[in-house]
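Architecture and fold: a report
Here's the letter readout for the chains.
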Amino acid sequence: MIDQLEASLNFSQQALSLRHERQKVLASNIANADTPGYKARDMDFGAELARATRQGGAGAGGGLSLARTDGGHLAGQGMPSPRGELLYRVPDQPSLDGNTVDMDRERTAFADNSVRYQASLTLLNSRIQGLKKAMQPE
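An unreviewed UniProt entry lists the chain under the name Flagellar basal body rod protein FlgB, with Halomonas salina as the source organism. According to its UniProt record, the chain has this under Subcellular location (unreviewed entry): "Bacterial flagellum basal body". The Sequence similarities (unreviewed entry) comment attached to the chain in UniProt states, word for word, "Belongs to the flagella basal body rod proteins family."

A separate point is the confidence of the model for the chain. Summary statistics for the chain give a mean pLDDT of 84 and a share of 85% for residues scoring 70 or more. Note on residues 58-62: pLDDT under 50 across the span, and eight contacts to partners over four residues away in sequence or across chains.

Where side chains of opposite charge bring their charged atoms close, a pairing between them can arise. This model, assessed by the stated rule, comprises eight salt bridges. Across the pair Glu 21 and Lys 24 runs a salt bridge whose closest N-O atoms are separated by 3.2 Å. Taken as a pair, Glu 21 and Lys 24 lie in helix 1 (residues 2-31) at a separation of three residues, close to a single helical turn. The class for Lys 24 is partly exposed, based on a relative accessible area of 36%. Across the pair Arg 22 and Asp 42 runs a salt bridge whose closest N-O atoms are separated by 2.9 Å.

This next bit is on the packing of helix 1 against helix 2 (residues 45-54). Where helix 1 contacts helix 2, the axes come no closer than 10 Å and their chain directions differ by 140°. The angle between the axes of helix 1 and helix 2 places the two elements in the oblique class. Taken as a pair, helix 1 and helix 2 cross one another with a handedness that is right-handed. Side by side, helix 1 and helix 2 meet where Phe 11, Gln 14, Ala 15, Leu 18 and Arg 19 of the first sit next to Phe 45, Glu 48, Leu 49, Ala 52 and Thr 53 of the second. Along the lines of polarity and charge, the residues of the contact of helix 1 with helix 2 split into six nonpolar, two polar and two charged.

When the UniProt feature table is mapped onto this chain, "domain: Flagellar basal body rod protein N-terminal" (unreviewed entry) is found at residues 9-39. When the span residues 9-39 is considered, its composition is 74% helix and 0% strand, and the gap between its end C-alpha atoms is 35 Å.

The end-to-end C-alpha separation of helix 3 (residues 103-135) is 47 Å, in line with the 48 Å expected for 33 residues at 1.5 Å each. Turning to helix 3, its buried residues number three or more, namely Glu 106, Ala 109, Asn 113 and Leu 124. The elements touched by buried residues of helix 3 are helix 1.

Looking now at the environment of Gly 46. The residue Gly 46 is located in helix 2 in this model. Sequence separation of Gly 46 and Ala 15 is 31 residues, and the distance between their C-alpha atoms is 9.5 Å.

What counts, and where the lines are drawn
- Residues numbered from 1 in each chain as written.
- Predicted model: local features only at pLDDT ≥ 70, side-chain atom pairs only at ≥ 80, totals over all residues.
- Heavy atoms only, no water.
- UniProt positions renumbered as here; feature names shortened; annotations may be inferred.
- pLDDT = per-residue confidence, 0-100.
- Contact = heavy atoms within 4.5 Å.
- Salt bridge = Lys/Arg side-chain N within 4 Å of Asp/Glu carboxyl O.
- Helix = DSSP H or I, 4+ residues; strand = E, 2+ residues; numbered from the N terminus.
- Buried < 20%, exposed > 50% of the residue type's maximum accessible area, 1.4 Å probe, protein only.
- Axes fitted to C-alpha atoms, helices over the stretch in contact; angles between N-to-C directions.
- Parallel < 35°, antiparallel > 145°, perpendicular 65-115°, else oblique.
- Left-handed = near helix turned anticlockwise from the far one by under 90°.
- Nonpolar A, V, L, I, M, F, W, Y, C, P; charged D, E, K, R; others polar.
- Expected span 1.5 Å × (residues − 1).

This is the structure in structure tokens:
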């Protein structure tokens, strides 16, 4: 039963983790908008989510292993970081200093990712509330 519950929430967990990683990448682009030679980066969210769901999530061995300080501790796995699969953005109009950050594009992507993250959280919360309600005795 727990395995079915974990599997049903696994997709949402992976999507939220990837949205969080993308938000960090976009924030880094915005923070380096004035850095000469900085190359804007982003990830292909759909491809990363497909890869994460194909691998079966954090428990499939593709994640980061957590250190155990005692033999009685449970082995843990974190989500794999998509940082290795970051892509460079092709600028519409490159600047003279080599910086490829387009602030309009970055702000739009940042806001879009924030809204999608919040929507995913809302959907996940309602799903968990529904599961809790189904498990409670009448």
